[in-house]
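Secondary and tertiary structure notes
Listed below are the residues making up each chain.
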Amino acid sequence: MEESEAGSRLSLVDIFKGVVITLVVLTHVLFAMNGDSESPVIFQCLFLGLFGFMLLSGYFYRPGRGFVANMKKRFFQLAVALTVCTVVITALSYVWCVVWGQNVDSDDFVNALSLGMALNKSFVPLDSGVTWSGCMNCIGYYYIWAMLVAFVVFYALADHVIDDWKRSIAALAVLVVAACALRELYPYGLPFYAHISLAAASFMMAGAMAAKVRLIERVQDFRWGSWRFWALFLGSLAAGIILVAIFPPGTKITRAYYGEYGGYSFLSYFVEVLLINTAYLCMAAIVVKVRPVTRLLSSIGRHTFGILLFHGFVVAFLTIPFFTFGPDDWLPAELISSDKVLIFFATMVICMAICVYGPVLLERIRAAIGRGRSAE
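None of the values given here were measured: they were computed from a predicted structure. (Residues numbered from 1 in each chain as written. Predicted model: local features only at pLDDT ≥ 70, side-chain atom pairs only at ≥ 80, totals over all residues. Heavy atoms only, no water.)

**Here we look at unusual backbone geometry**
With a phi close to 60°, alanine 118 is a non-glycine residue in the positive phi region. Along the polypeptide, alanine 118 turns up in the loop between α5 (106-116) and α6 (141-161). Judged by relative accessible area, alanine 118 falls into the buried class, the value being 0%. One non-glycine residue with positive phi stands out, namely alanine 256, at about 55°. Relative to the helices and strands, alanine 256 resides in the loop between α10 (227-246) and α11 (266-288). (Helix = DSSP H or I, 4+ residues; strand = E, 2+ residues; numbered from the N terminus. Buried < 20%, exposed > 50% of the residue type's maximum accessible area, 1.4 Å probe, protein only.)

**Focus on the confidence of the model for the protein chain**
Mean pLDDT over the protein chain: 88, with 95% of residues reaching 70 or higher. Throughout residues 1-9 the model reports pLDDT below 50, and contacts reaching past four residues in sequence, or to other chains, amount to 8 contacts. (pLDDT = per-residue confidence, 0-100. Contact = heavy atoms within 4.5 Å.)

**Re α6**
For α6, which comprises 21 residues, the first-to-last C-alpha distance of 30 Å matches the rise-based estimate of 30 Å (1.5 Å per residue) to within 8%. At phenylalanine 154, α6 shows its maximal kink, close to 30°. (Expected span 1.5 Å × (residues − 1). Bend = angle between axes of the 7 residues up to and from the residue.)

**Brief notes about the nonpolar core**
Nonpolar side chains tend to gather and get buried jointly when the protein is soluble and globular. Counting 120 residues, the largest nonpolar core has Phe51, Tyr143, Phe203, Met205, Phe266, Tyr269 and Ile307 as its most contacted members. Among residues more than four places away in sequence, those in contact with tyrosine 143 are Leu50, Phe51, Phe53, Met54 and Leu308. (Core = buried A, V, L, I, M, F, W, Y, C linked by side-chain atoms within 4.5 Å.)

**Comments concerning the state of the cysteines**
Tallying each qualifying case throughout the model produces 0 disulfides. Summary of cysteine pairing: cysteine 85 is not part of a disulfide, and the nearest cysteine sulfur, belonging to cysteine 138, is at 8.0 Å. Residue class for cysteine 85 comes out buried when judged on its relative accessible area of 12%. Between cysteine 351, a cysteine without a disulfide, and cysteine 355, which holds the nearest cysteine sulfur, the sulfur-to-sulfur distance is 6.4 Å. Among the residues examined, cysteine 351 registers a relative accessible area of 0% and is labelled buried. (Disulfide = S-S within 2.5 Å.)

**Brief notes about helix α8 (residues 197-212)**
Residues lying three or four places apart along an α-helix face the same way, a consequence of the helix completing one turn every 3.6 residues. The terminal C-alpha atoms of α8, which comprises 16 residues, lie 23 Å apart, in line with the 22 Å expected from a rise of 1.5 Å per residue. The buried fraction of α8 is high, at 14 of 16 residues. A positive phi of about 55° marks arginine 214, the residue just after α8.

**Notes on the packing of helix α3 (residues 52-59) against α6**
Between α3 and α6, the least distance of the axes is 11 Å, while the angle of their chain directions is 30°. In terms of orientation, α3 and α6 fall into the roughly parallel class. Helix-helix and strand crossings are classified by hand; for α3 and α6 the assignment is right-handed. Where α3 abuts α6, its residues Phe53, Met54, Ser57 and Gly58 lie against Tyr143, Met147, Phe151 and Phe154. Here the residues of the contact of α3 with α6 sort into 6 nonpolar, 2 polar and no charged. (Axes fitted to C-alpha atoms, helices over the stretch in contact; angles between N-to-C directions. Parallel < 35°, antiparallel > 145°, perpendicular 65-115°, else oblique. Left-handed = near helix turned anticlockwise from the far one by under 90°. Nonpolar A, V, L, I, M, F, W, Y, C, P; charged D, E, K, R; others polar.)

**Things to note about the pattern of salt bridges**
According to the stated counting rule, one finds 3 salt bridges in the structure shown. A salt bridge links aspartate 127 to arginine 183; the nearest nitrogen and oxygen atoms lie 3.8 Å apart. Of this pair, aspartate 127 sits in the loop between α5 and α6 while arginine 183 sits in helix α7 (residues 165-185), and the two are 56 residues apart along the sequence. With a relative accessible area of 58%, aspartate 127 lands in the exposed category. Measuring nitrogen to oxygen at the nearest pair gives 3.4 Å for the salt bridge that ties arginine 366 to glutamate 363. One end of the pair, arginine 366, and the other, glutamate 363, are both in helix α14 (residues 337-375), 3 residues apart, so they sit about a helical turn from each other. (Salt bridge = Lys/Arg side-chain N within 4 Å of Asp/Glu carboxyl O.)

What follows is the structure in structure tokens.
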């Protein structure tokens, strides 16, 4: 493979990630956290893009490293960053709330830590809600914790099945059925959102199987006149939208809500995620051809982890001085649509600035400290 081709394919992945993380922030800000099966079909389709990161994690899995080596890498990548960010962001948010007179107390601080560490759903009915406050803005952390647990399941299986199609299909089927059964037979939350980890592991396995047919490379190689590409794009998009309209998946994934049929709804949910994310991948391939947009989305895609970590805090930082936070949602009820649009764009700009310039600033601080110690 030539270097230019490799760079183009990497760009497609970055653009896909950029599209997905933009949709994540958009849905969190515009539609907040109270969406359900009655949300507009288009919103539910947008929400399903969230699982693209799980599919990509499976796609780029390569056998041979071993379970322990893989988990060590993931643990230090994710768990440490999540823990540090939870403590720091929650503390900063709490102080910011106090400064601006928001109604928060020590219980809110503890609940915010519990939310960031993905412990707030432990052993309680999945249908129970969350009592929100202004300092509870580690939004999206549950997703990364659930992925971390899912990696345990995925890595334990993948090395043993991924080289054989029959075993791969069998493993995928077992994961899908197990996710259905867990939701149906045990309607209670688990620490670190492990109650959705089997679902996440099934998406990882599906991504690993997609890698066997080189799906990303095939999509990247499309030509504008290729009927196969347009059939894949329009077919997956239409089928995904129709299926979402017939079997609404809702947006309450933290409650392992896959639809109105309980655990059985995960069967349609799984297919919906595959169809919608295939359409998003094709959209990313189209965007690759539009150069002005490519650079922006590609840059966003390279900083997905940082944006996911910081966007809740940035939204709260922008809104706490001007609005009163209530217990029913993570954003103030009086926010109107135009406010949310402005907050969305401001959040994306600030998150990108933190991700791009933050490491540079930290490096300069370390260098200054080192020079000061040397001078002593």
